[in-house]
Amino acid sequence: GLREFSLSEVVFRGKNKEDEKEKIIVFKKYQDIFLTEHKPHFDDVRFDIFVILPGFHSGEFNHIPGYYRNYADNGFHFPELFQVVEGYAEFLLQQPAEKHEKVKDCILYRCQVGEIVTIPPAHGVTIINPTDKKTVVIRLRARDAESIHEHYNMTRGACYYREQNDKWIFNSNYEEIATMKLLPTQKKWKVFQKEIPIYQSFINNTWSQKFLLEPNPVDFTIDTLI
């Protein structure tokens, strides 16, 4: 059977200070899910589900607010692995230079059902639902990984805003922003293949958790991502 898990409902925080009084749910997170018979596989890794509801506020489509991750024991930030299982999602990745307000790399992935996205250790991520239907994405990450929103909060979001008129605009709270690169999603990454649920691939190949627990930036070069 399915073990008990926690549900978080996340309210919208607008990009403008006057929007902060709004209390509208934009996505739900079902955290730390696994079948009880698979418990030994999840001692060090966690499986989560995100449901991003359709809609927009302050001109932006609903999204999971941007975040970076904390450091693993080997000194690199934890990576993550995502897969879209319902609807459509846009993953906006950004890599800061010497500080968050200067972005030296910006990548956009447009993801249909079944497609996989890896989040490299050095990149932050924002996940957007620019449609009129709900989007469901699933995630594998190290159990010790944490989402750090502090820097994104200081700049009122990611380096680009995805507005309801289908346009991307610069976030003026940043000092420098790299040109956005649209890249294709992965058809295969390690043992994870497009349209095969990453949960099942993980259970079938438990050695694959090593890249989540002991991140090596060499594994996440742009060539590997493509």
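Details of the structure are given in the entry above.
First, a word on what this report is: a plain description of the structure on this page. (Residues numbered from 1 in each chain as written. Predicted model: local features only at pLDDT ≥ 70, side-chain atom pairs only at ≥ 80, totals over all residues. Heavy atoms only, no water.)

**Some words on the packing of aromatic side chains**
Applied cut-off: Stacked, tilted and edge-to-face are the three classes applied to pairs of Phe, Tyr and Trp rings, where Trp contributes its six-membered ring and a pair requires centres within 6.5 Å; stacked means planes under 30 degrees apart, edge-to-face means over 60, and tilted covers the rest. For every residue, the accessible area obtained with a 1.4 Å probe (protein chains only) is divided by the maximum for its type, and the residue is called buried under 20%, exposed over 50%, and partly exposed between those limits. In this scheme, Lys NZ or Arg CZ marks a charge over a ring once it lies within 6 Å of the ring centre and within 35 degrees of the ring normal.
Counted by the stated rule, this structure contains 14 aromatic pairs. With centroids separated by 6.3 Å and ring planes inclined at 85 degrees, the aromatic side chains of Phe-56 and Phe-61 adopt a geometry described as edge-to-face. Looking at Phe-56, the relative accessible area reads 40%, which means it is partly exposed. Connected via pairs of aromatic rings, a cluster forms that spans Phe-34, Phe-42, Phe-47, Tyr-199 and Phe-202. Its end group placed over the ring of Trp-189, Lys-190 keeps NZ or CZ at 5.2 Å from the ring centre.

**Examining the pairing of strand β3 (residues 45-52)**
Counted only if it meets this: Going along the chain from the N terminus, every DSSP run of H or I of four or more residues is numbered as a helix, and every run of E of two or more is numbered as a strand. Following DSSP output, two strands are said to pair if at least two bridges run between them.
The element β3 is largely enclosed, with a buried count of seven among its eight residues. With four bridges joining them, strand β2 (residues 25-31) and β3 adopt antiparallel strand pairing. Bridged to Tyr-30 within β3 is Ile-49. As defined by bridge partners, β3 adjoins strand β12 (residues 135-142) across eight bridges and the pair is classed as antiparallel.

**Digging into the nonpolar core**
Put simply, the test is: As used in this record, nonpolar core signifies buried Ala, Val, Leu, Ile, Met, Phe, Trp, Tyr and Cys residues forming a set joined through side-chain atoms within 4.5 Å. In what follows, a contact means two residues having at least one pair of non-hydrogen atoms within 4.5 Å.
In terms of nonpolar packing, the biggest core is built from 20 residues, with Phe-82, Phe-91, Tyr-109 and Ile-127 touching the most fellow members. If you list the elements that add at least two residues to this core, you get β2, β3, β6 (63-69), β7 (80-86), β8 (89-96), β9 (102-111), β10 (116-119) and β11 (124-128). Excluding anything up to four places from it in sequence, Phe-91 contacts Phe-82, Val-84, Ile-107, Leu-108, Tyr-109, Cys-111, Val-117, Val-125, Thr-126, Ile-127 and Val-137. Ranked by size, the runner-up nonpolar core spans 19 residues in total, among them Phe-34, Phe-42, Val-45 and Trp-189.

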